[in-house]
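# Per-entry structural report
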Amino acid sequence: MRSPSVLLLLVSLHLFGTACGEDGSATAKSRRIAVVPKGTTHEFWKSIHAGALEAGRELGVEIVWKGPLREDDRAEQIKVVENLTTKGVDALVVAPLDDTALIAPLQEADAAGIPVVVIDSDVNWEGRVSFVATDNYRGGVLAAEELGRLLAGKGRVLMMRYMEGSASTTKREAGFLDTIARFAGIEVVSSSQYGGATSETAYRTAENLLINDTDLDGIFCPNESTSFGMLRALQDAGRAGSVQYVGFDASPKLIEALEKGEIHGLVLQNPKRMGGLGVRTAVRYLDGKAVEPRIDTGVALATPANRHEPAIRELLSPDLTVLDE
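Residues numbered from 1 in each chain as written. Predicted model: local features only at pLDDT ≥ 70, side-chain atom pairs only at ≥ 80, totals over all residues. Heavy atoms only, no water.

## Topic: helix H7 (residues 199-212)
Where we set the bar: Secondary structure elements follow DSSP: runs of H or I of four or more residues count as helices, runs of E of two or more count as strands, with numbering from the N terminus. Given the number of residues in a helix, its expected span is that number minus one, multiplied by 1.5 Å. Remark: exposure states derive from per-residue accessible area (1.4 Å probe, protein chains only) relative to the maximum for the residue type, with buried under 20%, exposed over 50%, and partly exposed in between. The contact criterion used throughout is that any non-hydrogen atoms of two residues lie within 4.5 Å.
The first and last C-alpha atoms of H7 sit 20 Å apart over 14 residues, in line with the 20 Å expected at 1.5 Å per residue. All buried positions along H7 are accounted for by Ala 202, Tyr 203, Thr 205, Ala 206, Leu 209 and Leu 210. Buried residues in H7 make contact with strand S6 (154-159), strand S7 (185-190), strand S8 (218-220) and helix H8 (224-236).

What follows is the structure, encoded as C-alpha cells:
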C-alpha cells in the first residue's frame, strides 16, 4: 500500500502532466480564445461562429462566443470586451462595431496581457496583432463593375449605406462610388442615406428612397441587413427584378432572390474562413510565431449564372452543422 505522501506526489504529477506539455509549457488545450462579433443574429455572424468553433476544435482551444444582439449596440460590445478582460482570456478576436469607440477597451485588454486580433472591420489602433478580413474596398469595386456591366454603362443608380463608424462597409461604399464614377453614362442619384443596423431600419429607409425615385435603373447595398431591407422594399413596391440590383453577403432569402432574378449579383465574403483564421492567428501569436499584420480572406461575386459553381455554392451556403453539435 502506498503512503499518503506517495499518493499526493502521484496526483500532483498527473495534474502537472495534464496542464503542461512534455517540455513543461502550457498546452493549447488550457487556452480560452474569446470571439466577439458585431452582432449575433445575421447569417454572416453564424458563419464566423462556425469557423471559429471548427478552428478551436482542431487546435484544442476553448472558444468563448459573446457579442451584442444588435449591430448598433456599441455600449454592449464595449461591456462584453471589458468583462472578458476582467475575467481573463488568453486572446481576443474582435469585430469592432466602431472604428474608434472600441479603441479604449481593446487597449485595456492589451495592457492586461491579452493580445487582440481584429476581424471583419478594422479599428484605428496599431496595437492589434493582426487584421483578418475581406478586402472590402475590392468588394465595392466588384459590385460597381457588375452593376455597370448590367446597365451597359448608363442609367440612374443609388447606393444605400449601412451605418456610420463601420469601417468595413465604409470601404465597400468607397470602392463602389470610386468605380461607378468611371462609367460616364451612369448617374448616382443618392448615396447619402443610411439603412442602419437592422433589416427593419433598412427597409424603412429603402421604402422612402423608392418612393422618392420611381425611375431607378440600378441599386447597390453594402451588407446583409441593407441588402435584405432593400429587397423587401422592392418586392413590396412590385419592382423586384425590374431594377438591376447588386447586394452584399448571403442569407437564405437573398439566395432565393438571386435564384428568382430579383437580385442580379451578391458580393460574397468568406466569413467561415474569417472566423477560423482569426482564431488560428491568435493561437499562432500565443505560440510565439510570426503572424501577418493583414490577412485577406477573399471576396467573390455570385450571379444567377454562376451560383451553382462549387466554390460559389460553398460561399452562399456554408456548412454550419458545428453550431448544432
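## Some thoughts on the sheet that holds strand S5 (residues 130-133)
Heads up, the rule is: In short, DSSP must find at least two bridges between two strands for them to pair. Interaxial angle, 0 to 180 degrees, is taken between N-to-C directions of lines fitted to C-alpha atoms, where a helix line uses only the stretch in contact.
Here 6 strands make up an open sheet; going across it, the order is S2-S1-S3-S4-S5-S11 and the pairing parallel. Looking at which strands have only one partner, the edges of the open sheet turn out to be strand S2 (62-65) and strand S11 (294-296). Direction aside, the axes of adjacent strands within the sheet are offset by 20° on average. Here 4 bridges tie strand S1 (residues 32-36) to strand S3 (residues 91-94), and the two strands are oriented parallel to one another. Looking across to S3, one finds that Val 35 is bridged to Val 93. The sheet strands contacting helix H3 (residues 74-87) are S1, S2 and S3, and the helix crosses S1 at an angle near 170°.

## Focus: the sheet that holds S6
The sheet built from 6 strands is open, its strands ordered S7-S6-S8-S9-S10-S12 with mixed pairing. If you trace the sheet from one side to the other, it starts and ends with S7 and strand S12 (300-302), each paired once. When strand polarity is set aside, the average angle formed by the axes of neighbouring strands in this sheet is 20°. Across 3 bridges, S8 lies against strand S9 (residues 244-248) in parallel orientation. Among the inter-strand pairings, Gly 218 is bridged to a residue of S9, identified as Gln 244. Each of S6, S8 and S9 touches H8; the most contacted strand, S9, lies at about 150° to it.

## Notes on the packing of aromatic side chains
Going by this rule: Only Phe, Tyr and Trp rings take part, Trp by its six-membered ring, and two of them pair if their centres are within 6.5 Å. Stacked means planes under 30 degrees apart, edge-to-face means over 60, and tilted covers everything else. Placement of a charge over a ring requires the Lys NZ or Arg CZ to be within 6 Å of the ring centre, with the centre-to-atom vector within 35 degrees of the ring normal.
Taken as a whole, this structure holds 3 aromatic pairs when the rule is applied. Note on Phe 44 and Trp 45: the rings are 4.8 Å apart at their centroids and 90° apart in plane angle, and the pair reads as edge-to-face. Trp 45 carries the same exposure label as Phe 44, and that label is buried. Ring plane angle 20° and centroid distance 4.6 Å describe the contact between Phe 176 and Phe 220, whose orientation is recorded as stacked. Here the residue Phe 176 occupies a position in helix H6 (residues 167-180), and Phe 220 occupies one in strand S8, the gap between them amounting to 44 residues. Neither residue differs from the other here; Phe 176 and Phe 220 are each classed as buried. Linked through ring pairs, Phe 176, Phe 220 and Phe 248 together constitute an aromatic cluster. When the ring centre of Phe 248 is taken as reference, the NZ or CZ atom of Arg 172 above it lies at 4.2 Å. One cation-aromatic arrangement involves Arg 232 over Tyr 203; the distance from NZ or CZ to the ring centre is 4.0 Å.

## A few points about the packing of H8 against helix H9 (residues 252-260)
Using the following cut-off: Each angle gets one of four labels, with under 35 degrees taken as roughly parallel, over 145 as roughly antiparallel, 65 to 115 as roughly perpendicular, and the rest as oblique. Each helix crossing is assigned a hand: it is left-handed if the near helix lies turned anticlockwise from the far helix by less than a right angle, otherwise right-handed if that turn is clockwise. We call Asp, Glu, Lys and Arg charged. Ala, Val, Leu, Ile, Met, Phe, Trp, Tyr, Cys and Pro are nonpolar, and the rest, Gly among them, are polar.
Viewed as axis vectors pointing N to C, H8 and H9 meet at an angle of 55°, and their least axial separation amounts to 10 Å. Between H8 and H9, the interaxial angle falls into the category oblique. When the axes of H8 and H9 are compared, the crossing they make is left-handed. Touching Glu 224, Ser 227, Phe 228 and Leu 231 of H8 are Lys 253, Leu 254 and Ala 257, all from H9. Its residues placed into classes, the contact of H8 with H9 shows 4 nonpolar, 1 polar and 2 charged.

## Here's the deal with the side chain of Ser 168
Among the secondary structure elements, Ser 168 is positioned in helix H6. Here Ser 168 is in contact with Lys 38, Asp 120, Ser 121 and Asn 136, once residues within four sequence places are set aside.

## Quick word on the nonpolar core
For clarity, the cut-off: Here, nonpolar core refers to any group of buried Ala, Val, Leu, Ile, Met, Phe, Trp, Tyr and Cys residues whose side-chain atoms link them within 4.5 Å.
Counting 28 residues, the largest nonpolar core has Ile 219, Met 230, Tyr 245, Ile 263, Leu 266 and Leu 316 as its most contacted members. With 5 residues, H7 is the single largest residue contributor to this core. Among residues more than four places away in sequence, those in contact with Ile 219 are Leu 147, Leu 158, Leu 210, Met 230, Leu 234, Val 243, Gln 244, Tyr 245 and Val 246. In terms of nonpolar packing, the next biggest core, distinct from the first, is built from 22 residues, Phe 44, Ala 95, Val 117 and Val 129 among them.

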